[in-house]
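# A closer look at the structure
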Amino acid sequence: MSTPTGFMEYKRQLPADRDPLERVKDWEEFHKHLSEEELRTQGARCMDCGTPYCHTGLDMAGSTYGCPVHNLIPEWNNLVYRGLWKEALDRLHKTNNFPEFTGRVCPAPCEGSCTVGLIGQPVTIKTIEEAIIEKGFEEGWVVPDPPEKRTGKRVAVVGSGPAGLAAAAQLNKAGHSVTVYERADRVGGLLMYGIPSMKLDKKVVERRVELLEAEGIQFITGTEIGKDIPAQQLVDEFDAVVLCGGATKPREFSIEGSDLNGVHYAMDYLNGTIKSFLDSGLEDGQFINAEGKDVIVIGGGDTGSDCVATALRHGCRSVTQFGTHSKAPLERDPVANPWPQFPNVYQLDYAQEEAKAIFGDDPREFSIMTTKFVGDDNGNLKELHTVQIQRIVDETGRKIYQPVPGTERVFPAQMALIAIGFDGPEQTIVEQMGLETDRRSNVKARYGKYVTNVDKVFAAGDMRRGQSLVVWAIHEGREVAREVDKYLMGSSVLV
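All residue numbers refer to positions counted from 1 along the written sequence of the respective chain. In keeping with the model being predicted, local features are shown solely for residues with a pLDDT of at least 70 and side-chain atom pairs are shown and tallied solely at 80 or more, while totals for entire chains, interfaces and linings include all residues. Hydrogens and water are ignored here; the side-chain numbers use all heavy atoms of the structure.

### Structural notes on the overall build of the protein
For the purposes of this entry, the term helix denotes a DSSP run of H or I that reaches at least four residues, the term strand denotes a run of E that reaches at least two, and both are numbered from the N terminus. Each helix and strand in the protein was counted, giving 17 helices and 16 strands. Relative to the globule expectation of 23 Å for 495 residues, the C-alpha radius of gyration of the protein, 23 Å, shows essentially globular dimensions. Each principal axis of the C-alpha distribution contributes one length, and for the protein these read about 65 × 60 × 55 Å. Relative accessible area decides the class of each residue, using a 1.4 Å probe on protein chains only: under 20% of the type maximum gives buried, over 50% gives exposed, and in between gives partly exposed. Per-residue burial over the protein gives 52% buried out of 495 residues. Residue contacts are defined here by distance: any two heavy atoms, one from each residue, within 4.5 Å place the two residues in contact. Looking at the protein alone, contacts between residues at least 24 apart form 67% of all its contacts between residues at least 6 apart. As displayed, the protein offers around 22300 Å² of accessible surface, 47% of which is attributable to carbon and sulfur atoms. Only four residue types enter the tally: Lys and Arg on the positive side, Asp and Glu on the negative side, with His and both chain ends excluded. Think of each charge as sitting on NZ of Lys, CZ of Arg, CG of Asp or CD of Glu. Here the protein contributes 55 positive and 72 negative side-chain charges, whose respective centroids are spaced 4 Å apart. A radius of gyration in this sense is built from C-alpha atoms; the matching globule rule multiplies 2.2 Å by the number of residues raised to 0.38. Where accessible areas are quoted, they stem from the Shrake-Rupley method and a 1.4 Å probe; at the residue level, only the protein chains shown are allowed to cover.

This is the structure:
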């Protein structure tokens, strides 16, 4: 334990964010950092409790309890408090290949399950995690660590998102020769294209990819398996194939007017902006531009918030975010949302904070459903029609949304961005390999958690479990690597 009474003596402290009115003028990360002394004080708040739910990593009833990669949080909190940063980095890397990613973009279910949070504010776990890995890079402790010997086994990994990168890193560590295929022009999957630069600077992704390359992993970009290379070719040429292609098929939103000019899927909007920014600083104009437009974002999740923040940086005239969920309470409901679940409480994400600073109010509309898009005579979107909804239980016991009569509204809009989630993986590889899928079209692991019905083929990440968190993807990548290692060698050296 850092100090027995630290959680009573010290208050939770988070690093300040850059001023919203200033940060919307650029694409730089919006977080600032705590000093080393402040971080050590925050580490002192950790109780080292008898049952540390913070690293349990359970997924129950649609809610995550604790850290999915089972980070040894009380241990590295204590080491930071004692000023033993290198030792803290060693403990952090034992469970997490990429803490620089999770320390930036993970929603921190660990903090929702922190025991200190039962009586007050939880420990600033996520902040300390990022500080440890960045300290490691600053001090030169994070260096390439290639395996001492090779097994002679060759593994193909399809997809270079967090699951693919974690699987590749672990398999390479075990001594296998790993080739990662990525259909985009840059490595990183959603870490590169999907998460905006103000949440995750792409130099952070490139820094890690360079390390993985130096350790012996081969990356092949601009190559789509199932299109540029037949899927069966990988099975024929490699000793094992790991599918980590993600759940990238957008959920359809087919209502009247959805084919109008100005209606776009969120990932097309976000990815185009990111690529244009990386290629030319947006000078090439090869992106969907929200400048001067009234923008409606349909979807209340993280992707929707990223669309809000991106539209603000484009210079939109206004932005509104729709969500079917009701407005969350100010405090945790101890019955419906008990500890150690992640607290479902009202708060402003970075994007909503920015919109409020510019336009004066939270941009979100709650319990609302779009009924149709309406265009002008030229086929361009001009407005959205909506109705308020309420959640009820029907005669079969299902929870459904029901329109509330008399609550119809019209919102002016020249751009609508659909951010309502994904319907599983794209099916090209699935069909070419003859893979079994579950009822949600995810690849089914029939003969083991990550083993598919096709010999030598494994699946992990969102492609197996459906749309999820980056930290779950890293967990799955590490776990599938262990299964592949066992398959190739009879037992596994990976932990």
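### Re the sheet that holds strand β5 (residues 218-220)
Note: two strands are recorded as paired if DSSP finds a minimum of 2 bridges between them. The parallel open sheet is built from five strands, whose spatial order is β5-β4-β3-β6-β16. One side of each edge strand has no neighbouring strand; the edge strands of this open sheet are β5 and β16 (457-459). Averaged over all pairs of adjacent strands, the angle between strand axes in this sheet comes to 20 degrees, irrespective of strand direction. As paired elements, strand β6 (residues 240-243) and β16 share three bridges and run parallel to each other. The residue bridging Val-241 from the neighbouring strand is Val-457, located in β16. Here an axis means a line fitted to C-alpha atoms, over the contact stretch when the element is a helix, while the angle between two N-to-C directions is reported on a 0 to 180 degree scale.

### Overview of the pattern of salt bridges
Here, a salt bridge means any Lys or Arg side-chain nitrogen found within 4 Å of an Asp or Glu carboxyl oxygen. Tallying each qualifying case throughout the model produces 29 salt bridges. Note that Glu-134 and Arg-104 form a salt bridge whose closest N and O atoms lie 3.1 Å from each other. Of this pair, Glu-134 sits in helix α8 (residues 125-138) while Arg-104 sits in helix α6 (residues 99-105), placing them 30 residues apart in sequence. A salt bridge links Asp-423 to Arg-251, with the shortest nitrogen-to-oxygen separation between them at 3.2 Å. Note that Asp-423 is positioned in the loop between β15 (415-418) and α15 (428-433) and Arg-251 in the loop between β6 and β7 (263-265), a separation of 172 residues in sequence. Taking relative accessible area as the criterion, Arg-251 reaches 34% and is therefore assigned partly exposed. Each of Glu-29, Arg-104, Glu-130, Glu-134 and Arg-207 takes part in salt bridges that share partners, so that together they form one network.

### Focus on the nonpolar core
Put simply, buried Ala, Val, Leu, Ile, Met, Phe, Trp, Tyr and Cys residues joined by side-chain atoms within 4.5 Å make one nonpolar core. Of all hydrophobic cores here, the largest spans 73 residues; its most connected members are Ile-132, Val-242 and Val-484. The element contributing the most residues to this core is helix α17 (residues 470-489), with eight residues. Setting aside anything within four residues of it in sequence, one finds Ile-132 in contact with Trp-76, Val-80, Trp-85, Ala-88, Leu-89 and Leu-92. Within the second largest apolar cluster, 24 residues are counted, among which are Leu-270, Phe-287, Leu-312 and Cys-316.

### Here's the deal with the sheet that holds strand β9 (residues 318-322)
A sheet is described by the order of its strands in space; here five strands give the open sequence β7-β15-β8-β9-β10, paired in parallel fashion. One side of each edge strand has no neighbouring strand; the edge strands of this open sheet are β7 and β10 (364-365). As paired strands, β9 and β10 are joined by two bridges and run parallel to one another. When the bridges of β10 are listed, Phe-322 appears paired with Glu-365. Of the strands in this sheet, β7 and β15 touch helix α12 (residues 266-280), which is tilted by about 75 degrees from β7.

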